[in-house]
Amino acid sequence: MDDKEFAERCQQELAVIEAAIEVVADNAADIDFETQGGILEVECADGSKVIVSPHAIAKEIWVAAKSGGFHFRYDAAAGAWIDTRSGDPLRARLVEILKQQGQVDLDLS
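Residues numbered from 1 in each chain as written. Predicted model: local features only at pLDDT ≥ 70, side-chain atom pairs only at ≥ 80, totals over all residues. Heavy atoms only, no water.

A. Region of interest: the environment of Leu108. Within the secondary structure layout, Leu108 lies in the segment after helix 2 (90–102). Residue Leu108 is classed as buried on the basis of its relative accessible area of 9%. Separated by 15 residues in sequence, Leu108 and Arg93 have C-alpha atoms that sit 10 Å apart. Not counting residues within four places of it along the chain, the set of residues in contact with Leu108 comprises Val16, Ile17, Ala20, Arg91, Leu94 and Val95. (Helix = DSSP H or I, 4+ residues; strand = E, 2+ residues; numbered from the N terminus. Buried < 20%, exposed > 50% of the residue type's maximum accessible area, 1.4 Å probe, protein only. Contact = heavy atoms within 4.5 Å.)

And the structure:
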């Protein structure tokens, strides 16, 4: 994957995630979020943060949360960003992280 394709895929994925978080935030969930410079930062009710950011050099999307740091690489066969260690899809992992850390029911299906 070249730099342009990586940037496009990241932008698409972050837009989907941001839209889902916006729906939850609009429906009275106690979270706040902002995107700056392509980095999505979600603040949970307890003040903790989940950060989703592209890492162009590694061609990965990184997620930082209380439960740890996760690296996701695009898998063309799966058509999804996949955790380089566990094999879990980014969307499923993010749903789990936000449920545990922020008591937020995010729909990324």
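B. View of the nonpolar core. Judged by nonpolar contacts, the single largest core of 27 residues is most densely connected at Ile21, Val50, Val63, Trp81, Leu94 and Leu98. Counting only elements with at least two residues in this core, the list comes to helix 1 (3–26), strand 2 (39–43), strand 3 (49–55), strand 4 (60–65), strand 5 (68–75) and helix 2. Here this core gets seven residues from one element, more than from any other, and that element is helix 1. Non-local contacts of Leu94, meaning those with residues more than four positions away in its chain, are made with Ile17, Val50, Val52, Val63 and Leu108. (Core = buried A, V, L, I, M, F, W, Y, C linked by side-chain atoms within 4.5 Å.)

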